[in-house]
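# Structural overview for review
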Amino acid sequence: MESLIIVLIGFPFLSAFLLSIFKNNTIRQIITYVSSVTVIAMAIAFAVKYFASGNSNMSLFTDTKIIDYSMIIIEAFLMVLVTILSFKYKQYYAAVLSISQTALMFWFELSGRAPHQEVSKVYIDQLTVIMVLIVAVIGTLITVYACGYMKDYHNHHKEFMDRRRYFFALLYVFLGAMFGLVLSNSLIWMYFFWEITSVVSFLLIGYTRTNEAIHNCFRALWMNLLGGCGFAVAIVIAGICFNVTDMQSLILCDGKIIVIPVILLSFAALTKSAQLPFSKWLLGAMVAPTPSSALLHSATMVKAGVYLLLRLSPVLAGSYAGSMVSLVGGFTFLIMSMLAITVSDGKKVLAYSTISNLGLITACAGVGAEETVWAGMFLLIFHAISKSLLFQTVGAIENSTGSRDIETMHGLVRRHPYLAWTLVIGIAGMFLAPFGMLISKWAALKAFIDNGSIVLILFVCFGSATTLFYWMKWMATVLASKNNDTKAKNTTSANQWVSILIHSAFMIMLCFAFPFISSHVIIPYIHQVFNNAYQVISGDNIIIMMIMLISIFVIPGISWISARHTKYSKVDRYINGVNAGDQMNYIDSMGEKRRFFLANWYMEDIFGEKKLWNPSIMISILLIVTFFVISIGGAF
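This part covers the packing of aromatic side chains. Applying the stated criterion across every chain, the model contains 23 aromatic pairs. Arranged with centres 5.1 Å apart and planes meeting at 70 degrees, the rings of Phe87 and Tyr92 form a pair that is edge-to-face. Exposure remark for Tyr92: the relative accessible area of 41% places this residue in the partly exposed category. Each ring, one from Phe378 and one from Phe514, has its centre 4.2 Å from the other, and the planes form 10 degrees; the classification is stacked. Of this pair, Phe378 sits in helix 16 (residues 370-401) while Phe514 sits in helix 21 (residues 494-530); the two residues are 136 residues apart in sequence, bridging distant segments of the chain. Judged by relative accessible area, which is 0%, Phe378 ranks as buried. Exposure remark for Phe514: the relative accessible area of 1% places this residue in the buried category. Through a chain of ring-to-ring contacts, the aromatic side chains of Tyr145, Tyr149, Tyr153 and Phe160 assemble into a single cluster.

Among the structural elements, Gly139 can be located in helix 5 (residues 126-156). Using a relative accessible area of 0% as the deciding quantity, one classes Gly139 as buried. On a C-alpha basis, the gap between Gly139 and Thr408 in space is 29 Å, while along the polypeptide they are 269 residues apart.

The full count for this structure, using the stated rule, is eight salt bridges. The residue Lys446 makes a salt bridge to Asp450 at a minimum N-O spacing of 3.3 Å. Taken together, the residues Lys446 and Asp450, both in helix 19 (residues 436-450) and four residues apart, mark about one turn of the helix. Linked through salt bridges whose partners overlap, the residues forming this network are Lys280, Lys348 and Glu609.

Leftover empty space is mapped by rolling, across the atoms, a probe with the size of a water molecule. Scanning the entire structure with this criterion turns up one cavity of 30 Å³ or more. Estimates place the volume of the largest cavity at around 90 Å³. Every residue lining the largest cavity is listed: Glu75, Leu78, Met79, Val82, Ser98, Gln101, Thr102, Tyr191, Glu195, Val199 and Leu225. Elements represented by at least two residues in the lining of the largest cavity include exactly helix 3 (65-88), helix 4 (92-110) and helix 7 (187-205). At four residues, the largest contribution of residues to the lining of the largest cavity is made by helix 3. For the lining of the largest cavity, the per-class residue count stands at six nonpolar, three polar and two charged.

Here is what the cut-offs are and how they apply
- Residues numbered from 1 in each chain as written.
- Predicted model: local features only at pLDDT ≥ 70, side-chain atom pairs only at ≥ 80, totals over all residues.
- Heavy atoms only, no water.
- Phe/Tyr/Trp six-rings, centres within 6.5 Å; stacked < 30°, edge-to-face > 60°.
- Buried < 20%, exposed > 50% of the residue type's maximum accessible area, 1.4 Å probe, protein only.
- Helix = DSSP H or I, 4+ residues; strand = E, 2+ residues; numbered from the N terminus.
- Salt bridge = Lys/Arg side-chain N within 4 Å of Asp/Glu carboxyl O.
- 1 Å grid on protein atoms, 1.4 Å probe; cavity = no way out; pocket = protein on both sides within 12 Å on 5 of 7 lines; lining within 4 Å.
- Points joined across faces, edges and corners; volume = space filled by probe spheres on them.
- Nonpolar A, V, L, I, M, F, W, Y, C, P; charged D, E, K, R; others polar.

Next comes the structure, spelled out in structure tokens:
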């Protein structure tokens, strides 16, 4: 298993090196496809090998001095790179944060202050396997999609320098770092890969080098470096005060004793998962090309934060740190779902939705009960696939139509039917039964009720209601059409279709696999972590889910067959006034002929960003500071 892990982490870095060398698009595409198939095959082999061992957890790698020193050298390189770029663009605060945390870690590791006992640097359990499969499958499919998308992107945006070698290399560095992060048991190793993801996301967001891209990438950098400082301080305190440098030892400690390291790690996770007040960096990431947005929003960057919180959930339960995490997460879920109603930019809706759903996962981890962890893990799985599919589809729509505005998607089902239906599958996966997001939200709500978390219950109820509003509005827009809507030429490349269609198939297959994953992967994990687990979804509910799932395909199929053999009389379309007879115009109350149009209501004047953003920032900061002070007071 150790050799497989080395290859799994190292191979994406090798792919990144090869992609940085070759400029030819055909060679780049071959390397990407070969790398994707190889990484997915290794991830599947990793999962099979783990489950073949009988779900027994594995602790690996103890004597790793050479690797540890290599990491120190790379950390120094990252610090120098960030410092140079920060001075180049006069963003000095980013350099200060990078130098501060790197200097602290160097002092801790090289001064002899770090504990000398050998600990397992890698730990494997069901959550590790889930994350490895998500990163491998979703992450590499995004790189396949990027082969076609980036070619179209530079054909449409000739004002940007073509740096595809650099772009693809960064994508694979990101994947390698994510494998290292989710496999790490050593907090020092986890911190190392954590910082690589922060720096690479900074470079991806700034890909176009426009003023907006530079501004947004440095905002992402300083927010994530701030979290990195919290991570570094947590490691130093845990090592010096409690003689702990690995995750498994940390979560086995009494939560009241190690409250300061836990709350600092939680703070780092909140920044990485873009929770309030740190949400702006993820919204700003939309300036980057769609593949990097899909990667940051679905399979990698933001998932690192909620992954860490799910790891910490046993010690968060019933603590002030857990209360902080759950309240900030629940509040973020509500506010971001409200803000998603007020925008028409498709990618911005997806960005708000991402932060919102990450907030719900964060709230589940903060409560730290068996049911909430079960719900959080399923939310993580379904969100990764659904949101990656949605970002890729919206990117393909933008390349095909020249716009990603929802208001331009009226009649998309006739103009670009295949893209419309993949978009509908992705949207359905986010809020309709029997897709797992809705079922997981139901489980989270039930768990919050069982725990008496009244505030979280309100957050979930109202947040879910607003979620229904913006997803249904978008779906209805795509499926609505006018008589003059005609099928347009397909301009989406084969590379993009490969990824989009596989994502769509996975989205549907997961509904059938839902009970199996629950009983054979997630329930055993919860049993190991909490020494107590029960079936969250009953057998009767599973039967209902299967009936609903089958109905999704059977009922439309019967309707379609029936419609083909039935003649319907044509009637005038009802409009707000007398129909003018051409289905496109109506006579208003003043007797004048007017053309009708379709438009959504965005309620920006009621609770738009200008009204909600600053109060939300203040409330979330107050929550974090209050619980941080209370936690420190309780520790002493």
